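Structure at a glance
Spelled out from the first residue to the last, the chains are:
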Amino acid sequence: MSDPQNYTVGWICAIPTEFAAARAFLDEQHPGPDAIAQHDNNTYALGSMGKHNVVIAVMPKKEYGIAAAATVARDMVHSFPNVRIGLMVGVGGGAPSPQYDFRLGDVVVGSRGAGNGGVIQYDYGKSIQNQLFVETGSLNQPPPALLNAVAGLETDYMMEGSELNVKVMKDAEMRDKLSRERGVLCFEMEAAGLMNHFPCLVVRGICDYSDSHKNKQWQGFAAMTAAAYAKDLLRQILPDRINAEKKIKDVLGSS
């Protein structure tokens, strides 16, 4: 069995397809934990990616959204108290525009946006007649070690970060409106449940275009591209840099 104290990277998935993709990118798979916190019902996969020990959790089947994500994150940091950086990796719905002509399988990263941490919660905003979308809440930024790694990969990939928007989107008109007004590239359901409770970077592979034609055909491929990006990201970070970050449980305890 594995000692939970040895794991410094927490990786959360929303659906089994994302969980399978994450496990496929482990360089080594480790035995399960020798103990977890009382009342922790998460399912975990343990292993290593490069020089980092990673704990991966998946949300309960058919439980979606910010509350379920927050519960999984809370239980993870109780059971794995040395986790210092977090990743939320999986699929999302894209909002293509003339400026960002991305395709199915491309990856969107929730790094810093204009005046926020790269993730905005649509439920926290409101639409005012004849005015732009107004944001009424803000979400925390990812840890510095992750933001620095994103900057390094931008050079390698020649890519630009923008905002993720938190809501399942099936309305093409609203999708295009938020894309124009806020530079939104991707819609999803769970990130806002984590950003103020589990400081993390959100990585999403585009599996549909956030319109009435949503389906699951591209979920597997998009989950794999997101997991591949996240693994590349971890390769950018030295273990000492992660160890210099505060433990997430201590960050939450002081907030």
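All of the points below concern the structure found in this document. (Residues numbered from 1 in each chain as written. Predicted model: local features only at pLDDT ≥ 70, side-chain atom pairs only at ≥ 80, totals over all residues. Heavy atoms only, no water.)

With respect to the packing of helix 1 (residues 16-24) against helix 6 (residues 219-235)
Rule in force here: Fitted lines through C-alpha atoms serve as axes, helices being fitted only where they are in contact, and the angles separating the N-to-C directions of these axes extend from 0 to 180 degrees. Numbering of helices and strands starts at the N terminus; helices are DSSP runs of H or I of at least 4 residues and strands are runs of E of at least 2. An angle counts as roughly parallel when it lies under 35 degrees, as roughly antiparallel when it exceeds 145, as roughly perpendicular when it falls between 65 and 115, and as oblique in every other case. Should the near helix be turned anticlockwise from the far one by less than a right angle, the crossing is termed left-handed; should it be turned clockwise, right-handed. Contacts are residue-level and defined by heavy atoms, with any inter-residue pair within 4.5 Å sufficient. Under this grouping Gly is polar, as are all residues other than the nonpolar Ala, Val, Leu, Ile, Met, Phe, Trp, Tyr, Cys and Pro and the charged Asp, Glu, Lys and Arg.
Between helix 1 and helix 6, the shortest axis-to-axis distance is 9 Å and the interhelical angle comes to 40°. Considering the angle they form, helix 1 stands oblique to helix 6. The way helix 1 lies across helix 6 gives a crossing that is right-handed. Here helix 1 contributes T17, E18, A21, A22 and A24 to the contact with helix 6, which in turn contributes Q219, G220, A223, M224 and A227. Along the lines of polarity and charge, the residues of the contact of helix 1 with helix 6 split into six nonpolar, three polar and one charged.

Looking at the pattern of salt bridges
What counts is decided by this rule: Salt bridge, as applied in this entry: a Lys or Arg side-chain nitrogen positioned within 4 Å of an Asp or Glu carboxyl oxygen. Each residue is assigned to one of three classes by its accessible area relative to the maximum for its type, calculated with a 1.4 Å probe on protein chains only: buried under 20%, partly exposed between the two thresholds, exposed over 50%.
The full count for this structure, using the stated rule, is six salt bridges. Here R235 ties to D232 by a salt bridge, and the two come within 3.0 Å at their closest N and O atoms. Of this pair, R235 and D232 both sit in helix 6, separated by three residues, roughly a single helical turn. Of the residues examined, R235 reaches a relative accessible area of 58% and is grouped as exposed.

With respect to helix 2 (residues 66-79)
The periodicity of an α-helix, 3.6 residues per turn, causes residues three or four positions apart to be oriented the same way. Where we set the bar: Take the number of residues in a helix, subtract one, and multiply by 1.5 Å to get its expected span.
Under the 1.5 Å per step criterion, the end-to-end length of helix 2 is 20 Å for 14 residues, consistent within 8% with the ideal 20 Å. Looking only at helix 2, the buried set comprises A68, A69, A70, V72, A73, D75, M76, V77 and S79.

Considerations on the packing of aromatic side chains
Applied cut-off: Here a Phe, Tyr or Trp ring, Trp counted by its six-membered ring, pairs with any other such ring whose centre lies within 6.5 Å, and the pair is stacked when the planes are under 30 degrees apart, edge-to-face when over 60, and tilted otherwise.
For the structure shown, the criterion picks out three aromatic pairs. Ring centres 6.0 Å apart and planes at 90° place the aromatic pair Y7 and F80 in the edge-to-face group. With Y7 in the segment before strand 1 (9-13) and F80 in the loop between helix 2 and strand 5 (85-94), the pair connects residues that are 73 residues apart, well separated along the chain. Pair check on accessibility: Y7 and F80 agree, each one buried. Their ring planes at 70° and their centres at 4.9 Å tell us that Y44 and F80 sit as a pair that is edge-to-face. On the criterion of sequence distance, the pair formed by Y44 in strand 3 (residues 43-49) and F80 in the loop between helix 2 and strand 5 is long-range, its members being 36 residues apart. Side by side, Y44 and F80 carry an identical accessibility label, which is buried. Through a chain of ring-to-ring contacts, three or more aromatic side chains come together here, namely Y7, Y44 and F80.

Comments concerning unusual backbone geometry
As a rule of thumb, non-glycine residues mostly have phi less than zero, and peptide bonds are mostly trans rather than cis. For H39, which is not glycine, the phi dihedral falls at a positive 75°. Among the secondary structure elements, H39 is positioned in the loop between strand 2 (28-30) and strand 3. Residue H39 is classed as exposed on the basis of its relative accessible area of 64%.

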